[in-house]
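Commentary on secondary and tertiary structure
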Amino acid sequence: MFLTYLLMEFLEHKAGGAPERWLRGSGKIGPLVGGALGVLPQCGFSAAATSFYTGRMITTGTLIAVYLSTSDEMLPILISSGAPIPTILKLIGTKLAVGIGAGFTIDGITRLVWRGKKVEQEPGIEELCERENCDCGDRFVLSALKHTAYITIFLLLFTFALNIGIELVGEENIKTVVLNRPVLGSILSAIVGLIPNCASSVVLTSLFVDGVLSSGALLSGLMVNAGVGLAILFRNNRPVKDSLRVVAILFGISVACGILIDLTPLGAWIAM
């Protein structure tokens, strides 16, 4: 896990803020750029996209594309758990395809219904990474160590609590409630994914690795999860009903995709 985070931090610092600049100047192809950049495991990227949206520098479709494709802690957890590379690529590819497709669809509908809004101000993004307790300075090795320690401690506590729960309830009973009920599993996972913290993606990915969550349920939770992006959206975006609209769209797409995946051969294909 540490080596994974170290590589992520190194690539992020070498990028020098280029992904944010590309997203900001993406224009009408914003959903494509946002979806592609969202899959990059970069600290605070969904938060940066949220700030651009609150300043009306990117469209709703671009923001949704970023949110849907962002996986937060999924990638390092899957890699450190020894998950098959094809499964990881299928999960990322599915999130990317859904994000880009949904983004362009939303922007197309928006252009037909609403007119563009004027940019009122340009928000600063200096404090974005601090919300994830992430050091975005030049000491990327220290930042990787801190992130690894944070996630490791959380995983230990979560695994301890999960094992107790499994012993009390029974592994088969848990799997029957979630894994064998595609609709319920996707809805419950999406609700967990709405938690504006990396903990939700850690929990969902861990449950998938343990065989408790199906592919569709995992994707429902991960697609609706945007790290701390949603927290920043509700803090800075006005009016509040616009933020609620974004969350409703995000939740609906995520649950619908999760259910569709579990009810079709796609679910088995992803898990292969």
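Below: a short report on this structure. (Residues numbered from 1 in each chain as written. Predicted model: local features only at pLDDT ≥ 70, side-chain atom pairs only at ≥ 80, totals over all residues. Heavy atoms only, no water.)

Regarding the overall build of the protein
So the rule is basically this: Put simply, DSSP marks the helices as runs of H or I at least four residues long and the strands as runs of E at least two long, and each gets a number from the N terminus on. Here the term buried applies to any residue with accessible area under 20% of the maximum for its type, exposed to any over 50%, and partly exposed to those in between, with areas from a 1.4 Å probe on protein chains only. Any two residues whose heavy atoms approach within 4.5 Å at even a single point are treated as in contact. Using a 1.4 Å probe, accessible areas were evaluated by the Shrake-Rupley method; residue-level cover was limited to the displayed protein chains.
Counting its regular elements, the protein contains 15 helices and zero strands. Looking at the 272 residues of the protein, the share that counts as buried comes to 49%. In the protein, once contacts between residues fewer than 6 apart in sequence are set aside, the share between residues at least 24 apart is 81%. Summed over its atoms, the accessible surface of the protein is roughly 13,000 Å², and 68% of this surface lies on carbon and sulfur atoms.

A look at unusual backbone geometry
With omega at 0°, the peptide bond leading from R238 into P239 counts as cis. Here P239 is to be found in the loop between α13 (229-236) and α14 (240-263).

Details of helix α5 (residues 60-69)
Extensive coverage of α5 is indicated by the burial of ten of its ten residues. Of the positions making up α5, those classed as buried are T60, G61, T62, L63, I64, A65, V66, Y67, L68 and S69.

What to know about the environment of P86
Take P86: it is sitting in helix α7 (residues 85-113). Among the residues examined, P86 registers a relative accessible area of 45% and is labelled partly exposed. The spatial distance from the C-alpha of P86 to the C-alpha of I270 is 8.1 Å, given a sequence separation of 184 residues.

As for a nonpolar patch on the surface
This is how the line gets drawn: Patches in this entry comprise residues that are over 30% relatively accessible and not in a salt bridge; like charges within 9 Å are linked, as are nonpolar side chains (Val, Leu, Ile, Met, Phe, Trp, Tyr) within 5 Å. Within this document, salt bridges are pairs made up of a side-chain nitrogen of Lys or Arg and a carboxyl oxygen of Asp or Glu, the two lying within 4 Å of each other.
A cluster of nonpolar side chains, V183, L184, I187, L188 and I191, forms an exposed patch at the surface whose accessible area comes to about 360 Å². Within the secondary structure, I187 is located in helix α10 (residues 182-193). Taking relative accessible area as the criterion, I187 reaches 32% and is therefore assigned partly exposed.

Notes on the pattern of salt bridges
If you walk through the whole model with that rule in mind, you get one salt bridge. Note that D242 and R245 form a salt bridge whose closest N and O atoms lie 2.6 Å from each other. Taken together, the residues D242 and R245, both in helix α14 and three residues apart, mark about one turn of the helix. Given a relative accessible area of 5%, D242 falls into the buried group. Exposure remark for R245: the relative accessible area of 26% places this residue in the partly exposed category.

A closer look at the nonpolar core
Put simply, the test is: Nonpolar core, defined: a set of buried Ala, Val, Leu, Ile, Met, Phe, Trp, Tyr and Cys residues in which side-chain atoms within 4.5 Å join the residues together.
In terms of nonpolar packing, the biggest core is built from 48 residues, with L23, L63, Y67, L68, L91 and I253 touching the most fellow members. Top contributing element to this core by residue count: α14, with eight residues. If we ignore the near neighbours within four places in the chain, the residues touching L23 are G30, V33, G34, L37, F45, A49, F52, I58, T62 and V66.

Some details on α13
The criterion, for reference: An arc is given here, and it is the one of the directions from the helix axis to the C-beta atoms.
The set of residues buried in α13 consists of G229, L230, I232 and L233. An end-on view of α13 places all buried positions within 160° of arc, on one side of the element. In this fold, the buried residues of α13 make contact with α4 (45-54), α5, α12 (215-224) and α14.

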